Every structure is written in C-alpha cells, then in structure tokens.
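Each chain, letter by letter, is given below.
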Amino acid sequence: MSSASDPRIPAIQSRIRVVPDFPKPGIMFQDITTLLLDPKAFKDTIDLFIERYQGKNISVVAGIEARGFVFGPPIALAIGAKFVPLRKPGKLPGEIISEDYTLEYGKDCLQMHVGAVKPMERALVVDDLIATGGTLCAAMNLIERAGAEVVECVCVIELPDLKGRERLKGKPLFVLLEAH
Amino acid sequence: MEESKGKEDPRIARISSSIRIIPDFPKPGIMFQDITTLLLDPKAFKDTIDLFVERYKDKKISVVAGIEARGFIFGPPIALAIGAKFVPMRKPRKLPGKVISEEYSLEYGTDKIEMHVGAVQEGERALVVDDLIATGGTLCAAIRLLERVGVTVVECACVIELEELKGREKLSDKPLFVLVSST
C-alpha cells in the first residue's frame, strides 16, 4: 500500500537524490540524506507515518541500523511507543538475540536486545527503504521470536522490481513512494 | 549560554536512572553507558528530547549534525522540533556521492568521519549531537569538518558526559551541553 495521492508526496519524492553506481556499478542508490536537508519535507515524511499509526495501540517502533534510526525515533516519540534499535553484530551491549539472513553473496546478521520487546506487544519495523526485503524479514523474525506482533513494515521508499514485499511473510508493508 | 548541565531539572533523575551500565563492553574494564534502555521509556526519551529542544529552539540553529549511529537517534527529533536540517556524519564509505573527510586519532591508529559536500552552507549555525562524549575525539573531528566549510558550531549536545576522560577540555572553546554526568 502507498499514499500516492497525498499532496505532500511529490515534494518528498523530489528531495530524494539518486546516486548512480553506489555502492557498486549498476546500482542506482536512493539517497534520503537530501530529504533530511529540507525541514518541511522531512517533517511531512514523519507526519505521514504518525497520522497512520497514532491511536493504533503500537507500543514498539523497531528501527534498522542506521537509516532506520533517523525515521523510527521521531515516529516512536509522537505515538508514545518505545524505540528499539536493531543492529549489526557486536554493537549492542549485554544480552542479545541474533537473526542471520542471506545476501546476494554470503550472509549478514541483525541483533536485538533481550527484553526490549515483550510478548503480545504491537510493533512497527522501520527502515528508509525496502529492496529485496532480506533485512526487513530478519527484523520481523526478531520481533516475532520475542513473542510480539509485527503490525506493519514501514519504509519511505520501495524498489518494487526487487519484490521485497513478497518476502515479508504476508505482513503488510506501507511505503510513501516507489522507485524503479 | 547559561549553565552547561541540566542538573536541576526534575526530569533528569528519571533520564539518568533509565540508562543502563554494562561492565566490560566493548572490552574488559570499560563500564559502557547503554542508552537503549532510555529509549524503552517513552516518557524519559521524550523528556530527553524536550530538554534539548527547549535549550535550542530560539537560537537560530539551522543545522543539527548527528554522529553515526547513536547520534542519529537523538539528532533528528531535535532537528524536526526546531525546524533545522539534519546532517548525518558517518564512517567512511557510507555516504554516497561527494563527501569531505576528517581524520582523528584513536588510542591506537586513526579513524575518519565524513559529511556530504553541500549539506551545509557557510554561515549556518550548527549543533553537533551524539549520545555520549568520552575522550571527545569524534566530536572534535565533527566540529572541524563543519568549521572547514564555514559553519559556526554553536554547541555540542550529548546525553551523557564521561567526565574522567576530559572530553570537554578537548573541545577547548566549544561549549558542551550534557544532561547526565558520569564519573
């Protein structure tokens, strides 16, 4: 689902910069840092998410390192939820649970603190962008292993050609815009 | 600006008690100040942001620079509330496109911090935000990066200061505002 019709979307989309051949040749990188340089567009981005999730009994906003840390906390603060960082290995101190996931070549791993999320809580998982969906899927698994429910995955941008939506085990995905 | 610590504010006690200390992380002998438990307390997290916003909202700050990765958690909410842009300062090779870099010393060796070319303009007034100041090395590098392009760094803002490590002295003339001091 996307919010293509909201009048704030075109300005948000225009603030996103495409950088060719990053991080490697052939990839058109969707750079959200230019969106963050426009206070109104950044605020509108967050407001679009807040309007959707306020009053839905969401108690957890989980954000994927590192760009999920930019969008997740403002949403959490506005809806009164806790913010839970999901991080690369070795970054979170203390007891953690880990979820491995596959990349094009090789594996990666995402971690969450034990006890950050309680059973039966209702959670959002936030990142700037969904590509293949591998990282979001790992994030969802972490939340579910803690006994909580992933209500929706939330991203600014979707790359629909990479079919990440299909990797979310039937969970809903909400994005503001698509890039091809 | 006035006092450098929000010690008297009644919200500080709850913020301070929500921070968890993890011994021997990332290596033996280090008592790690873990702010993730603060983020699990919506009131404490909101109070943290409010304390910074109250301090900076009428100071004509147009840039909030946040240091990867925990500075990304505190910087954007402040930027949004005061109407400033948010500029991520990152480890090497994370930012796409043209960047400027600043090297800084570690206990052994060096590291680098990067910012996008064109993110900030000469004459802008900036805050630099991170969760914690230890030796001050990273904050110093961030300040230098901004000053190299003609930005005025108004203040550094951190949740926690590790006083023993004297990071404040390393910032020399730059003001530092923290909520919680740890010895």
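Our subject in this report is the structure included herewith. (Residues numbered from 1 in each chain as written. Chains lettered and ligands numbered in written order. Predicted model: local features only at pLDDT ≥ 70, side-chain atom pairs only at ≥ 80, totals over all residues. Heavy atoms only, no water.)

Here we look at the nonpolar core
Among the nonpolar cores identified, the biggest contains 73 residues, and V61(A), F71(A), I157(A), L38(B), F45(B), V64(B) and F74(B) are the most heavily contacted of them. Apart from residues lying up to four places away in sequence, I157(A) is in contact with I16(A), Q30(A), I32(A), D128(A), L129(A), I130(A), V175(A), L177(A) and A179(A). If you look at the next biggest cluster of nonpolar residues, it comprises 28 residues, including Y104(B), I113(B), V120(B) and V151(B). (Core = buried A, V, L, I, M, F, W, Y, C linked by side-chain atoms within 4.5 Å. Buried < 20%, exposed > 50% of the residue type's maximum accessible area, 1.4 Å probe, protein only. Contact = heavy atoms within 4.5 Å.)

Re the sheet that holds strand β9 (residues 173–178) of chain A
All names here are of chain A. Overall, parallel pairing links the 5 strands, which are arranged β4-β3-β7-β8-β9 in an open sheet. Bordering the open sheet on either side are β4 (82–86) and β9, each of which pairs with just one other strand. Averaged over all neighbouring strand pairs, the angle between strand axes comes to 20 degrees, with direction disregarded. The pairing of strand β3 (residues 60–64) with strand β7 (residues 122–130) spans 4 bridges and is parallel. Residue pairing in the sheet places G63 in a bridge with V126 of β7. Sheet strands touched by helix α3 (residues 39–53): β7, β8 (149–158) and β9. Its angle to β8, the strand with the most contacts, is close to 155 degrees. (Pairing = 2+ DSSP bridges. Helix = DSSP H or I, 4+ residues; strand = E, 2+ residues; numbered from the N terminus. Axes fitted to C-alpha atoms, helices over the stretch in contact; angles between N-to-C directions.)

With respect to the packing of helix α3 (residues 42–56) of chain B against helix α4 (residues 71–82) of chain B
All names here are of chain B. One can describe the packing of α3 onto α4 by two numbers: an axis separation of 9 Å at closest approach and a directional angle of 50 degrees. In terms of axis orientation, α3 runs oblique to α4. Viewed along their axes, α3 and α4 form a crossing whose handedness is right-handed. The segment α3 lies against α4, with F45, T48, I49, F52, V53 and Y56 engaging I73, F74, P77, I78, A81 and I82. Taken together, the residues of the contact of α3 with α4 sort by class into 11 nonpolar, 1 polar and no charged. (Parallel < 35°, antiparallel > 145°, perpendicular 65-115°, else oblique. Left-handed = near helix turned anticlockwise from the far one by under 90°. Nonpolar A, V, L, I, M, F, W, Y, C, P; charged D, E, K, R; others polar.)

A few points about the packing of aromatic side chains
Tallying each qualifying case throughout the model produces 10 aromatic pairs over all chains. Between F49(A) and F174(A) the ring centres are 6.0 Å apart and the planes differ by 80 degrees, which places this aromatic pair in the edge-to-face class. With F49(A) in helix α3 and F174(A) in strand β9, this residue pair connects regions lying 125 residues apart in the sequence. We classify F49(A) as buried; its relative accessible area is 1%. An angle of 85 degrees between the planes, with centres 5.9 Å apart, marks the rings of F45(B) and F74(B) as edge-to-face. Pair noted here: F45(B) is in helix α3 and F74(B) is in helix α4, with a separation of 29 residues, a long-range link. In terms of burial, F45(B) and F74(B) fall into one category: buried. Among the aromatic residues, those joined into a cluster by ring pairs are F49(A), Y53(A) and F174(A). (Phe/Tyr/Trp six-rings, centres within 6.5 Å; stacked < 30°, edge-to-face > 60°.)

Side note on α4(B)
Residues and elements named next belong to chain B. In this model, α4 (12 residues) spans 16 Å end to end at C-alpha, consistent with the 16 Å of a helix rising 1.5 Å per residue. With respect to burial, α4 is a largely interior element, 11 of its 12 residues being buried. Those residues of α4 that sit buried are G71, F72, I73, F74, G75, P76, P77, I78, A79, L80 and I82. In the stretch just after α4, G83 is the one whose phi turns positive, near 75 degrees. (Expected span 1.5 Å × (residues − 1).)

Describing helix α4 (residues 68–79) of chain A
Residues and elements named next belong to chain A. Taking 1.5 Å of rise per residue, 12 residues should cover 16 Å, and α4 covers 16 Å from first to last C-alpha, within 8% of that figure. For α4, a buried count of 11 out of 12 residues is recorded, marking the element as mostly surrounded by other parts of the structure. Within the sequence span of α4, burial applies to G68, F69, V70, F71, G72, P73, P74, I75, A76, L77 and I79. Positive backbone phi, at 75 degrees, marks G80, one or two positions downstream of α4.

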